[in-house]
Each structure stands twice: as structure tokens, then as C-alpha cells.
Amino acid sequence: MSSVDRGPVASGAAAAPQELEQVCILFSGDSGDGMQLTGTQFSATSAVFGNDVSTLPDFPAEIRAPAGSLGGVSAFQLSFASHELHTPGDAVQVLVAMNPAALKVYLPRLAAGGILIANSDAFTAGNLKKADYATNPLEDPELSQRVRVYAVPMTTLTMNALAEVALDRRAKERCKNFFTLGLLYWLYSRPMESTREWIRQKFARVPAVQQANALTLEAGYHYGETAGALDVHFQVPRARTAPGTYRIINGNQALALGLATAARLAGKPLVYSSYPITPASDVLQDLARLRHLDVRTLQLEDEIASMGSTIGAAFGGALAVTGTSGPGVCLKSEAINLAVMLELPMVIINVQRGGPSTGLPTKTEQADLLQALFGRNGESPLPVLAPRSPADCFDTVIEAFRIAVRHMTPVFLLSESFLANSAEPWRVPQVGELASMEVHHPTEADGFQPYGRDPQTLARPWAIPGTPRLEHCLGGLEKADLTGQVSYDPDNHERMCRLRAEKIERVADYLPDAAVAGPAAGELLVVSWGGSYGAVLTAVEQLQAQGKSVAHLHLRHLNPFPRNLGELLGAYRKVVVAELNFGQLAWVLRARYLRDVQSFSKVKGKPFMVAEIVDACQELLS
Amino acid sequence: MTDMTPTAPLTRKDFVSDQDVRWCPGCGDFAILAQMQKVLPELGIPRERIVFISGIGCSSRFPYYVNTYGIHSVHGRAPTLATGLKCARPDLQVWVVTGDGDGLAIGGNHLLHALRRNVGINILLFNNRIYGLTKGQYSPTSELGQRTKSSPDGSIENPVNPIGVAIGAEASFIARTVDVFQAHMHDVLRRAAEHSGGALVEIAQNCIIFNDRAWQHLTDPDARREHVLYLEHGKPMRFGKKLEKGIRLNGVTPQVVDVSEAGEENLLVHDEHAAEPTLAYLLSRMGPPRFPTPVGVFRAVEKPVFERLLMAQLEEAQRRSPPDLDALYRQGETWVVEEEGER
């Protein structure tokens, strides 16, 4: 397809589609309008087609807020491109609004000159009132001046398409999201086969629903193709990607697969103990379906119990892990501290959400870093890691277990609501390609000391029940060096505190040096961690393209830090940390390295926009 | 060191650790430890396959004193560690040692759920009706009006009945014994060890320092003869010095009767295996001043055991689908990029 430079063509369907590099669409509607499904299908289709894809669902905490209300709006943002993508996108180019409330909430996100596609049937007097509109905004000339408005009677068109189908009115109405999907498929010249197949499989047991959804999908596509109602038509060519097999994956799915993989690499059963909590519950649910892989999920009575159960399973020699969110970590902290004292290997996953307290359960934040580092009584260090993208959750959780087992320590993994729900293409590995995880359980009684230590790592031996003559009792009381017996000796206590700290510090011996993207020295270093990676990287690349002296440093290891971090921080005139909290990593870096680290923070329950970071950096550079 | 060839029969000494036992002289815990160390070698389970897990409190020092694997964990949470351990390692015999504060106050939730799930662990609840390790505050089993350091004017809380809690949680094995009833405790501990599901044993235990003689209505020699009802499966309920008294049901209300007048055939007969816990509950309500205190096995029923159900699900799933991770990675929609720049 030739690259086309001219503007949107007026003759609609007949003209060749205009070629674009990147598009950001936001599907929005009532919770019951099926926008998550529509977005997921569009993403999968685009990924299979060969675009790079990045998605971000945004849904309310209420399961069913009142229909048509502002609080009940659910949205799914996705970007797809003919080049590599690192974020779900800043400016929305196409807004689909299935009702007035959705329009009200998301219109501010639509770029000037963008496309608004609204289900005009839903703009009834009642729905307008629920969204606090005095008049119908679709008829407002000011709106048409700012964006291109396409009012499509989707409900009516859906009902017409299904006139012959034996379903009641409500069931037919529920199909309208497939009309939307079909229309958008036409608008961006997408193939529909994968969605057709999905409908065939998903509704195999309810043929009437299967038929209705399939018909509605086609009706939406044909509406675009033949009605000429949309005078625009686009295509986004395939992206260049490394060879391999790909699938779409979100962060929680990647965590579940990574956990099952870690257990396989260690030749151990996986014991995942948890208590349902947003946004971590998917990990429990995904793993519960993996009994055939010797995955043992336990849904305990509370967060405390799931931490206790994790310790018990680790003592027994399993790969033990618990998953939760910030409020759950609060409850677990006593038992996490016991795990620090027992020096047993396990992983604690915190899929962070907005806090404090119940906070914003379905929104994203990175404000539990200091909790992970310091939220326990006493001197209680443990390693902390954070994945940088949805697919990276897979690799990070395997690494977390490698550290846990090698260094005999609980390890924190800090994911985020954004990573949990956001999705991207993942190049699927072969299990055989992954390095196995070496696990050693001593069996020799001669010289066995429960708190004897490996000279390199300072890890104590992982002696497990069932091993004759290695019987020993662990406990939360301070341990005597080597023997592990209870000790109240003051010198021993300090020695043990220092040993536990030094053991965690030595994890850094096994970490690669941190690497910057950009010049090795210069004006500004932008530091990120966790899910802010994509936005910061994209922002820095834009600044570099403008010739600015800016480099990007992303930290996966938050405790201990890579050995060369201090040196890197010293090579730039200014250092800024962009994070979704009030400067927690910046605070740690300042304390640790005595550098005047600046903070760029955001605590709105949303990930960074690229433009926000670009602006902040430009201000620092001026 | 004892010769530990696997076939050598174990003795009490094999289960005595090298730690100094640090309970107060005269504490009831000594007798429980001694009885446990006597029972363990009789079970035929290798020492390395036995684990004791405790929480916090005087009783929770127990794991240090038995020469098996053990964890002295945090307050109230021992059943949760035991649950995780048993699911990772169903081959182990796991004992939980707890007290009335550890098990019924801070850890009440975990006790309830461990019993409800019927995890195959044996929970020993040392009930001294006081907080000992924190030096004498009232506990969830302290009596209404009891004067303690934290209730100088008398406790204004109703005590909880551990046996009743276990019945409410539908525990499959529930028993009570007393620290000084050595032979009786031996039999009860053994029964608990041999039970396949979750077991709760309440052990009335004397705290000589902060709540001495709290159980004297059971332990004084006269009282023991007069006021203790020894439960025996299939036997009519008789008690008293010459077993001259018995329990009879009047409607749904138990009565103490003279056996010679009422006739033995009219006495209530104990049934540990009753499907419904009604009888066990009725027994749990008995005690002074109107009734004798029952000791022994209140309830012993077979129910599906948690970790066995888990293992059965694992086996069934593994029978149905091969443990193929590569296939799992590729579930759902995948696409192949053949070589750089094309697809």
C-alpha cells in the first residue's frame, strides 16, 4: 500500500484508505455495554494482523453502578502501530461513546480534530440527565467544530440486523458492541476472521447468541463500507518484530505463567496462597486452572493466613508465593517479617493500586515502594523487584524466585494495576530454552548448622522436613549465629541483623550493571521504575530526537540497587525520577547516594502520559 | 546420639531435644510434653517426618523441646503455616501447639478455618484460662468476673468454650483431656494422631503462677472421682466414685440421675461417630455446678480431608491433560513472525 499524504477523503468507502503509523482508540460505554470485550477483540485482531499493540482498560470499582451513570462508565484504551509501542498512548484519536455519560467522562481525552463515534440511540432525555447534560451534546455545533462527530444509531441498526433472529429485545440490544467493533474494523481495514472464530467458539452452546453476534459484527462492517456515513477510512501497516510465536498477554496472565514456569524450572510444586483482592485476583484464578502443572492454589481465610501458608509451604520445600495488593501487604507484614527471620525462600507479589487504605481499588499507583522496603518492625531487609511491562512480569517473577532460592530470602515483586490489566504482544518462549533453577536441600548431617551460611551469598541451608538427622526448630525469636537456637545475647543480635542485611546486599553481586539509554553523561538523567518504563522511554526518545542531552535509566532492582547506580547518577547535571507517588524512589536515591535527585510525581490513579514527562523534562532542561 | 537407622524403634529419648525446658516449675506444660514424647515413638513415624508448629505464648515454646522439625511462628498463625506445609507435604505429620489466647483470641479465625477445611493437622489447645507469657491478663476462656491484672474489678467478658467452637467449625475430631490425667491424655493424643483429618484437643492445663487451681474442679483427687465424666464410645454415660450416677435425656435436656433408680438401659449412650454433632454439643455444655465435666473424645467422624482432596484434584488434572507448559503459553490466539521485518 502506498504511503498517502493527503488529508481525509470525502468520498468515503470508495477511496483508498489513508495510511497511518499509530492510532489510539478509546472505547467507552456503560459497564454493561461490553467495552472491555470490544477493546480486547480489537487488540487481538490488530496484534494478529501484525501491529504492535498496547492496551489499558479503565473500569469502575462498582460491579454494576446504576446504568447510564457517570460512575458506571467503563473504558478500554488501545494503541496500535506500525512501529514499536511502549505505552497505550496519550492523545485519543478516536473516541467511541456508547452513551452520554461515557462522552462526558472521556471527551476531554479526545484530541482536537479527532473522531467521535457515538451511539445516538443512547442519547435519550433520561440518559442525558444522568450525565448532567442539559441538551444533546451531539447536536452542539461547538463540538462539531472541535472534533469530527459521527452519530450512529447503533442500537437501531443492531435491532434491524437481528430482525430475523429468535432472541428477546434485551438480548439483541446486548449485541450492539459487536456492531461497534465491526464498524471500527472497517474504519481501520482490519481482518475480521479472528473475531468471527472467537464468536463461533465462545457461543458454541448458545447458537442464537452466536448467530446474533456474528450478524451484528458483519452489519457494523457493512455499515462503514456501504452507508458512506463515515467519510474517513484508514489503515495501519504491520510493525517490524523479531521472529517467533506471539500472543497478547497482560501483566497478571504473565505473572501466572511465570510462576508456573519458575516451579517447573526448579522441579518443584508451586503453592500459591492468596485472598481475593483487586487487582491481584486474576493471578489466583489463572493459577487455579493449572492443577495439571502441579500448581496448588489455596484461597485462605485472610491475607494473614495466606502469608502464613506461604511460609509453611516454603518450609516444606515447595516454591511458595502469595499475591495481593497494598492493603493485603499491610496485613501480611508481620508474617513477612517472620519469613525474613526464618530465611526461607518465597515471593510476595504486590499488584499495587491507589492508596492509602482501600483507596482506588481499580486504579494504578506506585506508592508501595517504601512499604516494601521498610514496612516491617526491626531491621528487616529483603530484595525488591518491579517488572516494567505486562510481558516483563513473566521474566521478573522467575528472576524473583531465582533470587529467593539462591539467597534464601523472601522477595517482593511490585507490579501495578496498570501492568496487571494492560496488554501487549509477548514473544512466547520454549520452556526448554529457559535456564533451570538450581535448588539445593542438604542431606548430610555432619557439620549441618541451620544458620550456617554459604560463604559467597551468606544464604543458610534449605533443609526440609523428611530429611533424617537435620531436624531443627526455626522461629521468630532472634537466632544464635550458626545453631539457630534462641539467643538474647546483645552481640549476637547485632551480628545477626548485620548478617541478614549483608546477605541482601550481596544479591547485587549477581545483578547486571544498570544501563542508560542515551548519552553516558550529560544534562539530564530520567530515572523510572515499574510500569512507568514505557512512557518515560518514549518521552526521552522524543527529547533525544529534538537533540536534547537526556538519558533514560530504568531500574528493575529496587533493593539492592545495581552496584554501578551511584556512578551513573553522578554523570548527569540533573537527575529526575518520574514515579506515580510523591517521590519515594527519589527519596531513597537521595538518602543512599547524596545526590540532589528531583522528583516528578503523579498520583491520579492513572499512568504517566508521554507529554507530561516531556514537559517536565523540558522545564528541568531550561 | 541415638542410632537412627530407619527401622530402629524409637524411644521417648529420641524426641527429647537438647534445649533446656524453660517453663515455670510446676507448670502443667511439663506433663503434656512428657506425654507427647511418650506417644510419638509409638506412632511408627520417622522423627524427620514430624513437624511441630506453634504461635506465641507459654505453650508455643513446645517445638523447641521436641526433637523433630518445628517452627515457633507468630501469634495466632500456627494453623496457617501448618495448612501451607500440609498442602506442600501431605507426607508429614503436623502438630499445632496453641493456647487459649493464641488459638481463640488473636488466632481464632485461623483455628475456625483450619478445622472447617479439615486439614489433616492435630491442634493441641493448652487452655489455662489466662495470659501467662504477658504475665496475667484475662484470656478468652477466663470466667466472667475473674480478677486478673487487666480486670482488677472482674472480667466483664463471657468466656468461649473451645469444644463448642470446634463443633461450630464442624471439626471431625474433638477431644478434651487434663494435664494431670496422664494415662487419659496418652490415649487422647494417640487417638488424635491416628485420626486422618483435622483434630482439636483441648488440654485443661494449670498455670501455677497466674491462675493456679483454675481446673481444681477436675484435678483435686475427690473432684476427679466425683465430677469427671469419662466419655467412652458405645458406653452408657456413668460417673461418680462408684459410677453410681448417670446422664439421662429428658426431652432434649440432659439430667443427672441415680443409676440404680433410673436403670442403666435408660442412660444416654456415647456415640463419637454420630453424623450430627448434636450429642457432642450437648456434652460440650456440661460442667459445674449442675453437671460433671466430660473428658475424652467428643466427636470422631470421617470427612474428606483437605490436602487429600487437593492431591486428588492434582492427580485428576494430570490424568486429563499432560503437564505441557509450552502448550499453555500458546493457548488462545497466537501468530508467528517468520523472519525479521516480515510476517
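Chains are numbered independently. Their residues run from 1 in the order of the written sequence. Throughout, the order in which chains and ligands are written sets their labels, letters from A for the former and numbers from 1 for the latter. At least 70 in pLDDT is required for a residue's local features to be given in this predicted model, at least 80 for side-chain atom pairs to be given and counted, and no such filter applies to totals for whole chains, interfaces and linings, which use all residues.

A few points about the overall build of chain A
The secondary structure listing takes helices from DSSP runs of H or I that are at least 4 residues long and strands from runs of E that are at least 2 residues long, numbered from the N terminus. Check the secondary structure of chain A and you find 21 helices and 23 strands. As a reference, a globule follows 2.2 Å times the number of residues to the power 0.38, and the radius of gyration itself is taken over C-alpha atoms. Compactness check: chain A gives a C-alpha radius of gyration of 27 Å against a globular reference of 25 Å for 622 residues, within 12% of the reference. Taken over the C-alpha atoms alone, chain A extends approximately 85 × 60 × 45 Å along its principal axes. Buried positions account for 54% of the 622 residues belonging to chain A. Remark: residues whose backbone-derived C-beta atoms lie within 7 Å of one another are considered to be in contact. Restricting the contact set of chain A to residue pairs at least 6 apart, pairs at least 24 apart contribute 75%. Comment: burial labels come from other C-beta atoms within 10 Å of the residue's own C-beta, placed from the backbone, where a count of 20 or more is buried, 12 or fewer is exposed, and between is partly exposed.

Some points on the packing of helix α8 (residues 193-202) of chain A against helix α9 (residues 207-227) of chain A
Residue and element names in this part refer to chain A. Two elements in contact, α8 and α9, have axes whose closest approach is 9 Å; the angle formed by their N-to-C orientations is 165 degrees. Comparing their axes, α9 and α8 come out roughly antiparallel. Considering the relative orientation of α8 and α9, their crossing is right-handed. For the pair formed by α8 and α9, the contact residues are Thr-195, Arg-196, Ile-199 and Arg-200 on the first element and Gln-210, Asn-213, Ala-214 and Leu-217 on the second. Taken together, the residues that form the contact of α8 with α9 break down as three nonpolar, three polar and two charged. Interaxial angle, 0 to 180 degrees, is taken between N-to-C directions of lines fitted to C-alpha atoms, where a helix line uses only the stretch in contact. Oblique is the label for every angle not falling under 35 degrees (roughly parallel), over 145 degrees (roughly antiparallel), or within 65 to 115 degrees (roughly perpendicular). Should the near helix be turned counterclockwise from the far one by less than a right angle, the crossing is left-handed, whereas a clockwise turn marks it as right-handed. Three classes are used, and their members are as follows: Ala, Val, Leu, Ile, Met, Phe, Trp, Tyr, Cys and Pro are nonpolar, Asp, Glu, Lys and Arg are charged, and the others, Gly among them, are polar.

Overview of the nonpolar core
Ranked by size, the top nonpolar core spans 263 residues in total, and within it Leu-259, Ile-311, Val-347, Val-397 and Ile-613 of chain A carry the most contacts. At ten residues, the largest contribution of residues to this core is made by helix α10 (residues 251-266) of chain A. The contacts of Val-347 of chain A, once residues within four sequence positions are left out, are Val-321, Val-397, Ala-400, Phe-401, Ala-404, Val-411 and Leu-413 of chain A. Connectivity within a nonpolar core runs through C-beta atoms within 7 Å, and the core itself is a set of buried Ala, Val, Leu, Ile, Met, Phe, Trp, Tyr and Cys residues. Counting five residues, the second largest nonpolar core, distinct from the first, contains Ile-130, Tyr-131, Tyr-138 and Phe-210 of chain B.

Notes on the pairing of strand β12 (residues 319-324) of chain A
Residues and elements named next belong to chain A. By the criterion of burial, β12 is predominantly enclosed, with six of the six residues buried. Side chains Leu-319, Val-321 and Gly-323 project from β12 onto one buried face, and the interleaved Ala-320, Thr-322 and Thr-324 project onto a second face that is buried too. Taken together, the five bridges between strand β10 (residues 270-274) and β12 define a ladder with parallel strand orientation. Bridging across to β12, Ser-273 finds its partner in Thr-322. Paired strands, as defined in this entry, are two strands with at least two bridges between them according to DSSP. Here β12 pairs with strand β13 (residues 346-352) via four bridges, running parallel. Looking at β13, one finds that Gly-323 is bridged to Ile-349. Place the viewer so that the strands point away; then a crossover is right-handed whenever the path from the first strand over the helix to the second strand goes clockwise. For the crossover that starts at β12, traverses helix α13 (residues 326-342) and ends in the parallel β13, the hand is right-handed.

Let's talk about the interface of chain B and chain A
Across the contact, 55 residues belong to chain B and 61 residues belong to chain A. Of the residues forming the side of chain B that touches chain A, the biggest block, eight residues, is contributed by helix α3 (residues 78-88) of chain B. In terms of residue class, the side of chain B that touches chain A is built from 24 nonpolar, 17 polar and 14 charged. Bridge count for strand β17 (residues 473-475) of chain A against strand β2 (residues 69-72) of chain B is three bridges, and the pairing is parallel. For Gly-475 of chain A, the partnering residue across the bridge sits in β2 of chain B and is His-72 of chain B.

Comments concerning the pairing of strand β9 (residues 245-250) of chain B
Residues and elements named next belong to chain B. Pairing geometry for strand β8 (residues 238-239) and β9, over two bridges, is antiparallel. What sits directly across from Arg-238, in β9, is Gly-246. Counted along the chain from β8 to the antiparallel partner β9, the turn is five residues long, and its residue Gly-240 has a positive phi close to 100 degrees. Bridging between β9 and strand β10 (residues 253-258) involves six bridges; their strand directions are antiparallel. Paired with Arg-248 across the two strands is Gln-255, which belongs to β10. Counting the residues in the hairpin turn of β9 and β10 gives two residues, including Gly-251, whose phi is positive at 70 degrees.

Structural notes on the domain arrangement of chain A
Residue and element names in this part refer to chain A. Just so you know, the domain bounds were taken from an automatic or database domain assignment. The domain boundaries assigned to chain A delineate domain 1 (12-235), domain 2 (247-433) and domain 3 (516-621). Taking only C-alpha atoms, the centre of domain 2 and the centre of domain 3 are 26 Å apart. Top contributing element to the side of domain 2 that touches domain 3 by residue count: helix α14 (residues 369-374), with three residues. Along the lines of polarity and charge, the residues of the side of domain 2 that touches domain 3 split into 13 nonpolar, five polar and four charged.

Details of the confidence of the model for chain A
For any part of a model where pLDDT is low, the fine detail of the predicted coordinates should not be relied upon. Confidence scores labelled pLDDT are given residue by residue by the predictor and lie between 0 and 100. Mean pLDDT over chain A stands at 95; residues scoring 70 or higher make up 98%. Note on residues 1-13 of chain A: pLDDT is under 50 here. Beyond four places in sequence and across chains, it has 20 contacts.

Considering the confidence of the model for chain B
Confidence along chain B averages 95 in pLDDT terms, with 97% of residues attaining 70 or more. Across the whole predicted complex the pTM is 0.94, and at the interface the ipTM reaches 0.96.

Some words on unusual backbone geometry
A cis amide bond, omega 0 degrees, links Thr-278 of chain A with the succeeding residue Pro-279 of chain A. In the segment running from Pro-288 of chain B into Pro-289 of chain B, the intervening peptide bond is cis, with an omega of 5 degrees. In this structure, Pro-289 of chain B sits in the loop between α11 (278-284) and β11 (293-300). The phi dihedral of Ser-189 of chain A is positive, around 50 degrees, even though this residue is not glycine. We note that Arg-213 of chain B has phi near 70 degrees; this positive angle belongs to a residue other than glycine.

A short note on the sheet that holds strand β4 (residues 73-81) of chain A
All names here are of chain A. Taken together, the six strands give an open sheet; going across it, the order is β3-β4-β2-β5-β6-β7, and neighbouring strands pair in mixed fashion. Whereas interior strands pair on both sides, the edge strands pair on one side only; in this sheet they are β3 (52-58) and β7 (148-152). For this sheet, the mean angle separating the axes of adjacent strands, direction not counted, is 15 degrees. As defined by bridge partners, strand β2 (residues 22-30) adjoins strand β5 (residues 92-97) across four bridges and the pair is classed as parallel. Within the sheet, the bridge partner assigned to Phe-27 lies in β5 and is Val-96.

Some remarks on helix α17 (residues 490-505) of chain A
All names here are of chain A. For α17, spanning 16 residues, the distance from its first C-alpha to its last is 23 Å, which sits close to the expected 22 Å at 1.5 Å a residue. When we look at burial in α17, the residues that qualify are Arg-500, Lys-503 and Ile-504. In an axial view of α17, the angular spread of the buried residues amounts to 100 degrees, which keeps them on one side of the axis. Opposite the buried face of α17, by more than 90 degrees, sit the exposed residues Pro-490, Asp-491, Glu-494, Arg-498 and Glu-502. Contacts from the buried residues of α17 go to α13, α15 (392-407) and β21 (557-559). Under the convention used throughout, the expected extent of a helix is 1.5 Å for every residue step, that is, one less than its residue count. In this context, the arc is that of the directions from the helix axis out to the C-beta atoms.

With respect to the packing of helix α1 (residues 29-39) of chain B against helix α7 (residues 182-194) of chain B
Residue and element names in this part refer to chain B. It is at 9 Å that the axes of α1 and α7 come closest, and there the two elements cross at 55 degrees. What the angle tells us is that α1 and α7 run oblique. For the crossing formed where α1 meets α7, the hand is right-handed. Each of Ala-31, Gln-35, Met-36, Lys-38 and Val-39 in α1 lies in contact with α7, whose residues at this interface are Gln-182, Met-185, His-186, Leu-189, Arg-190 and Ala-193. By residue class, the composition of the contact of α1 with α7 is six nonpolar, three polar and two charged.

Comments concerning the sheet that holds strand β19 (residues 522-529) of chain A
Residues and elements named next belong to chain A. The five strands are arranged β18-β20-β19-β22-β23 in an open sheet whose pairing can be described as mixed. Two strands close off the open sheet at either side, each with one partner strand: β18 (516-517) and β23 (597-601). Note: strand β22 (residues 572-579) against β23, five bridges, orientation parallel. Its bridge partner lying in β23, Ala-578 is registered against Phe-600.

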